[in-house]
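# Descriptive analysis of the structure
Residues per chain are reported as follows:
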Amino acid sequence: MALPNPTGDPAARPQLHVGPRVELELLLPPGSAAPFDLAAAVCSHGLFMMAPNRWDPAARALVRPLRLASDRSVSLLARVSAHPARPGTALLVAVEGAGALSSLDQDCILEQVRRMLRLSEEDGAAVAEFQAMHTAAREAGFGRIFRSPTLFEDMVKCILLCNCQWARTLSMATALCELQLELRHSSSIEDFQSKTPPIRERERKHSKRQCVRVKLEIRFAEDKLEGPTLSSGTSNDSTQSETNEDLPSLHSAASGTGSKCDSLSSFNTSELSLNNVPGLENCIGDFPTPEELANLDEDLLAKRCSLGYRAKRIVMLARGIVEGKVSLQKLEEMCKISVPAAEEVSTIESTYERLNIELSAISGFGPFTRANVLMCMGFNHTIPADTETIRHLKQIHKRQSTISSVHHELDKIYGKYSPFQFLAYWFELWGFYNKQFGKISDMEPSNYRLFTASHLRKAKKN
């Protein structure tokens, strides 16, 4: 049985779920300066719009699949909402398709929800400290930035945020979830790959020529670009520029399809459509795990999900994790800081630098991608800056800056909120989006693709 999808939007497609449900109670941590607001915690960053997340604006609930501890290949649909009997003190997590869940699986489900909504005691203490500095944020219930249930999903989505139109970022995330469903219903990787048409040599040669042209043009366009919103604008990642195939200044922002480096226009993918899999019409899978991606062919992944150069980086990350070269557990353990308050800022900065060095050893993780990953990991003293940041400073603060000088301007404006500079900046930027596009938590998923620089300009004119 599948949930209805009245919008028809791919990002809003439901998950398969069958049978009864298990309802779990998740207590909210004490210590926040303002009452917990589920809508504010979820609808706080563009990550919540990316598949397989779905925010239900009418029911005020977050819906997405979550994995079990007993079998990581199994995902069940979870619905997170305010607890009807304990509003303000607990959340209700309804897990579909589970006649019963072991205590291990229940803990695993709840821990994934805690991570997404930043509900640890440490998170609560940080929110309270920030809101004590920032009255407007406290009154708005702002302080928790939505993230994924796993660090791997965050890392891949931070790759998808770089150097492309927002609509395409959403499409790539959806395609990865559709791919996961196909993989789950294939008997083997070989069986799945055998259904994929071969990549034509002519297309390879054309792609290489096109990417070389883009590389040359990037050198003349670096500081003149206007990126889309939601921090998916053009960054200063040195590793990005060498293969950045869809800069807004070089391709139409309206199309959101990227360049011929990874175009599917002359490539028949009908064999891979979910509609050809019985019972899976209009459904979407979970976000793939490292194990599900590690053995895939890079070219297949690039074509199947329209990832372009990102496919290689994602596969290499997945293989590094599976082979033990990249330890997500080690990275997350390095984030756990317990020091006297007087030493906290310097300790946070030194821990950030150690993690930054660890991430820089991963292929494809440039400065902007690393800064976004570290934000997802809980570091709020550094602001991931791109062309959208430059636009915001110019429009709101009347500050002229470039990619090379923007951090100096950011320090001047938000330094007083240390170590929560990012939260102060994001509260301001996200509030601007709410004014321009309407209340984000009330927006239908079918309208998420409108979060672009071109639509922002139209909103300003109106």
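Reading guide: rules and limits
Residues numbered from 1 in each chain as written. Predicted model: local features only at pLDDT ≥ 70, side-chain atom pairs only at ≥ 80, totals over all residues. Heavy atoms only, no water. Helix = DSSP H or I, 4+ residues; strand = E, 2+ residues; numbered from the N terminus. Buried < 20%, exposed > 50% of the residue type's maximum accessible area, 1.4 Å probe, protein only. Contact = heavy atoms within 4.5 Å. Areas by Shrake-Rupley, 256 points an atom, 1.4 Å probe, with all protein chains shown as cover. Polar contact = N/O pair within 3.5 Å; in protein donor to acceptor, adjacent residues only side chain to side chain. Axes fitted to C-alpha atoms, helices over the stretch in contact; angles between N-to-C directions. Parallel < 35°, antiparallel > 145°, perpendicular 65-115°, else oblique. Nonpolar A, V, L, I, M, F, W, Y, C, P; charged D, E, K, R; others polar. Core = buried A, V, L, I, M, F, W, Y, C linked by side-chain atoms within 4.5 Å. Salt bridge = Lys/Arg side-chain N within 4 Å of Asp/Glu carboxyl O. Pairing = 2+ DSSP bridges. Left-handed = near helix turned anticlockwise from the far one by under 90°. pLDDT = per-residue confidence, 0-100.

The name recorded for the protein chain in an unreviewed UniProt entry is HhH-GPD domain-containing protein, from Panicum virgatum.

### Describing the overall build of the protein chain
On a plain count of helices and strands, the protein chain comes out with 19 helices and five strands. The buried share of the protein chain, taken over its 462 residues, is 55%. Once local pairs closer than 6 in sequence are excluded, the contacts in the protein chain between residues at least 24 apart make up 71%. A total of about 19,500 Å² of accessible surface is found on the protein chain, and carbon and sulfur atoms cover 51% of it.

### With respect to the side chain of Asp 56
Mapped onto the elements, Asp 56 comes out in strand β2 (residues 54-56). Polar contacts involving the side chain of Asp 56 include one to the side chain of Arg 79, which spans 3.2 Å. Discounting chain neighbours no more than four positions away, the residues touching Asp 56 are Ala 61 and Arg 79.

### Details of the packing of helix α6 (residues 166-184) against helix α11 (residues 298-305)
Running from N to C, α6 and α11 cross one another at 120 degrees; their axes reach a closest spacing of 9 Å. Relative to α11, the element α6 is oriented oblique. Note on element contacts: α11 touches α6 through Leu 301, Arg 304 and Cys 305, opposite Met 172, Ala 175, Leu 176, Glu 178, Leu 179 and Glu 182. For the contact of α6 with α11, the per-class residue count stands at six nonpolar, no polar and three charged.

### What about the nonpolar core?
Among the nonpolar cores identified, the biggest contains 115 residues, and Phe 48, Val 93, Leu 117 and Leu 301 are the most heavily contacted of them. In terms of residue count, helix α18 (residues 421-437) provides more of this core than any other element does, 11 residues in total. Beyond its immediate stretch of four places on either side in the chain, Val 93 contacts Val 22, Glu 23, Leu 24, Leu 26, Ala 78, Arg 79, Val 80, Ile 109, Leu 110 and Val 113.

### With respect to the pattern of salt bridges
Oppositely charged side chains may form a pair once their charged atoms are brought near each other. In this structure the tally under the stated criterion is 22 salt bridges. In this structure, Asp 154 and Arg 115 form a salt bridge, with 2.8 Å as the shortest nitrogen-oxygen distance. Taken as a pair, Asp 154 in helix α5 (residues 151-160) and Arg 115 in helix α2 (residues 103-117) lie far apart in primary sequence, 39 residues in all. You'll find Asp 154 and Arg 115 in the same group, each marked buried. A salt bridge links Glu 409 to Arg 399, with the nearest nitrogen and oxygen atoms 2.8 Å apart. Pair noted here: Glu 409 is in helix α17 (residues 406-414) and Arg 399 is in the loop between α16 (387-397) and α17, with a separation of 10 residues, a long-range link. With relative accessibility at 12%, the residue Glu 409 sits in the buried group. If you follow the salt bridges from partner to partner, you end up with Arg 64, Arg 67, Glu 153, Lys 157, Asp 286 and Glu 292 in one network.

### Thoughts on the pairing of strand β5 (residues 90-96)
Among the seven residues in β5, seven count as buried, and that is most of the element. On β5, burial covers both faces: Ala 90, Leu 92, Ala 94 and Glu 96 on one face and Leu 91, Val 93 and Val 95 on the other are all buried. For strand β1 (residues 21-27) and β5, the ladder comprises seven bridges, and the chain directions are antiparallel. What sits directly across from Glu 23, in β5, is Ala 94. In this sheet, β5 lies alongside strand β4 (residues 75-82) in antiparallel orientation, the contact comprising five bridges. Residue pairing across strands places Ala 82 opposite Leu 91, the latter belonging to β5.

### Concerning the environment of Val 42
Along the chain, the position of Val 42 falls in helix α1 (residues 38-42). Along the primary structure Val 42 and Trp 55 are separated by 13 residues, whereas in three dimensions their C-alpha atoms are 7.8 Å apart. In this structure Val 42 touches Phe 48, Trp 55, Leu 62, Leu 117 and Phe 146, once residues within four positions along its chain are discounted.

### Concerning the sheet that holds β4
Read from one edge to the other, the open sheet built from five strands follows the order β1-β5-β4-β3-β2, with strand pairing classed as antiparallel. Both edges of this open sheet fall to β1 and β2, since each of them pairs with a single strand only. Strand after strand, the sheet turns through a mean of 30 degrees between neighbouring axes, direction not considered. Along the sheet, α2 makes contact with β1, β3 (61-67), β4 and β5, crossing β3 at roughly 130 degrees.

### Focus: the packing of α5 against helix α15 (residues 367-376)
Relative orientation of the contacting elements α5 and α15 amounts to 145 degrees, with a least axis distance of 9 Å. Where α5 crosses over α15, the handedness of that crossing is right-handed. Contact residues: Leu 151, Asp 154, Met 155, Cys 158 and Ile 159 in α5; Thr 369, Asn 372, Val 373 and Cys 376 in α15.

### Things to note about the confidence of the model for the protein chain
For the protein chain, mean pLDDT is 79; residues scoring 70 or higher make up 71% of the total. Scored below 50 in pLDDT, residues 1-17 makes 48 contacts in the model with residues more than four places away or belonging to other chains. This model gives residues 199-229 a pLDDT under 50, and the stretch forms 58 contacts once residues within four places in sequence are excluded.

### Description of unusual backbone geometry
Note: most peptide bonds trans; most residues except glycine with negative phi. Of the consecutive residues Ala 51 and Pro 52, the connecting peptide bond is found in the cis state with omega at 5 degrees. With respect to the helices and strands, the residue Pro 52 is situated in the loop between α1 and β2. Of note, the bond from Ser 418 into Pro 419 is cis; its omega dihedral lies within 30 degrees of zero at 5 degrees. Within the fold, Pro 419 resides in the loop between α17 and α18. A positive phi angle is found at Arg 118, which is not glycine, with a value near 55 degrees. Relative to the assigned elements, Arg 118 resides in the loop between α2 and α3 (121-133).

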